[in-house]
Amino acid sequence: KSLLSLSIKSSFKLSGDYIQVNGFVGITPNKKITLNNTNYDIDALFINRFQNKAKLSGEIKGKINHAELHNNNLPIIDAIINWQEGALESPIKLPAGDYNAVITPESDKLRIKLTSTDAPAELNGDITLNKDWKYDSNIKVKANDKGLNAMLKFTGKPQPDGSYEFKNKGDLSPFIRK
C-alpha cells in the first residue's frame, strides 16, 4: 500500500446547545475527509443562528452512513435527513409536518429523494447534482393548507391530481471555491 492509502480515523462526539453529533471521522494525507456511521440531532433553532431568511422550528435528525469530502469535488454522500415536526414560522407560516430526504451517491452525481408524511405539504421529488455542480430538480407539492395552496398556484405548474410541479435546472459551480 502507498502512503496515500493511509488515513487517520477516530470516533467523535459533538454536544452543544441545540446540537448532538457522534460518529467516526477520518482524514487522508491528500486531505480527503470521511464520515461514517454519524448520527445527528439538531434543533432547527441552531440553523436559525446562521441564516435570517426563514425562521424554522422542529428537530432535524438523521444518519450519515458514509460521506467523502475532497477539495472542490462533488462529495460522496449516503445519508438520511428527517425534519420532524418541521415548520416555517416566517416569512410565511407553514404548520408542522415531517419531511424526509434520502441522499445517495450514483455514478458521478448525487440523488436526493424528497418526501413528506403527516405534513401540510405532500412533497415528492428528486434533485440530482452532477460532478460539474449542475443540478436538476423535479418536485411535486400538494398542499393540505389553504394559504400554502394559494401560494403554490402562483409558483408551480398545476397537475391533474391537484399538486403543483416544480422543475428547475441550475449551476452551483460559481459558489464553489476553486
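Source: prediction; values computed, not measured.

K.L.:
Can you lay out the overall build of the protein chain for me, pointing to particular residues and giving the numbers?
P.N.:
Assigned secondary structure in the protein chain consists of two helices and 11 strands. When burial is assessed residue by residue, the protein chain has 31% of its 178 residues classed as buried. For the protein chain, the exposed area adds up to about 11,500 Å²; of that, 57% sits on carbon and sulfur atoms. Separation between the mean location of the 25 positive side-chain charges and that of the 20 negative ones in the protein chain comes to 6 Å.

K.L.:
Give a description of the nonpolar core that names residues and reports values.
P.N.:
For soluble globular proteins, the rule of thumb is that nonpolar side chains tend to be buried together. Formed by 16 residues in total, the largest nonpolar core has its most connected members in Tyr-40, Ile-64 and Ile-77. Those elements giving two or more residues to this core turn out to be β2 (19-27), β3 (33-43), β4 (55-69) and β5 (76-90). Not counting chain neighbours up to four residues away, the residues in contact with Ile-77 comprise His-66, Ala-67, Ile-103, Thr-104, Pro-105 and Leu-110. If you look at the next biggest cluster of nonpolar residues, it comprises 15 residues, including Ala-119, Ala-121, Ile-139 and Tyr-164.

K.L.:
Before we move on, can you summarise the environment of Ser-7 with the specific residues and values?
P.N.:
Tracing the backbone shows Ser-7 in the segment before β1 (8-16). Spatially, the C-alpha atoms of Ser-7 and Lys-53 are 39 Å apart, while their sequence positions differ by 46 residues. Aside from chain neighbours lying at most four places away, what touches Ser-7 is Ile-27 and Thr-28.

K.L.:
Got a sec to walk through the pairing of β3? Specific residues and values, please.
P.N.:
As defined by bridge partners, β2 adjoins β3 across eight bridges and the pair is classed as antiparallel. Bridge pairing in β3 places Gly-26 opposite Thr-34. Here β2 folds back onto β3, and the loop between the two strands holds five residues, one of which, Lys-31, carries a positive phi near 70°. Pairing between β3 and β4: 10 bridges, direction antiparallel. Bridging across to β4, Ile-33 finds its partner in Leu-69.

K.L.:
Before we move on, could you go through unusual backbone geometry and cite the residues and values that matter?
P.N.:
Negative phi is the rule for most residues except glycine; trans is the rule for most peptide bonds. In this model, Ser-90 is joined to Pro-91 through a cis peptide bond whose omega is 15°. With respect to the helices and strands, the residue Pro-91 is situated in the loop between β5 and β6 (94-106). Even without glycine at this site, Lys-31 takes up a positive phi of about 70°. Considering the arrangement of structural elements, one finds Lys-31 in the loop between β2 and β3. With a relative accessible area of 61%, Lys-31 lands in the exposed category. Positioned with a positive phi, Asn-37 is a non-glycine residue whose angle comes to about 45°. With respect to the helices and strands, Asn-37 occurs in strand β3.

Reading the values: the criteria
Counting restarts for each chain: residues are numbered from 1 in the order of the written sequence. A pLDDT threshold of at least 70 governs which residues receive local features in this predicted model, and a stricter bar of 80 or more applies before side-chain atom pairs are shown or counted, although totals over entire chains, interfaces and linings include all residues. Hydrogens and water are ignored here; the side-chain numbers use all heavy atoms of the structure. Every helix listed is a DSSP run of H or I at least four residues long, and every strand listed is a run of E at least two residues long, numbered separately from the N terminus. Any residue under 20% of the maximum accessible area for its type is buried, any over 50% is exposed, and the rest in between are partly exposed; the area is computed with a 1.4 Å probe on protein chains only. Surface accessibility follows the Shrake-Rupley procedure with a 1.4 Å probe radius. Residue values consider only the protein chains on display as shielding. Charged-residue counts in this description rest on Lys and Arg as positive and Asp and Glu as negative, His and the chain ends being excluded. A single reference atom marks each charge: NZ on Lys, CZ on Arg, CG on Asp, CD on Glu. What is meant by a nonpolar core is a set of buried Ala, Val, Leu, Ile, Met, Phe, Trp, Tyr and Cys residues, joined one to another through side-chain atoms within 4.5 Å. The contact definition used throughout considers only heavy atoms, calling two residues in contact when any of these lie within 4.5 Å. Two strands are said to pair when DSSP picks up at least two bridges between them.

None of the figures reported here should be taken as evidence of function without further support.
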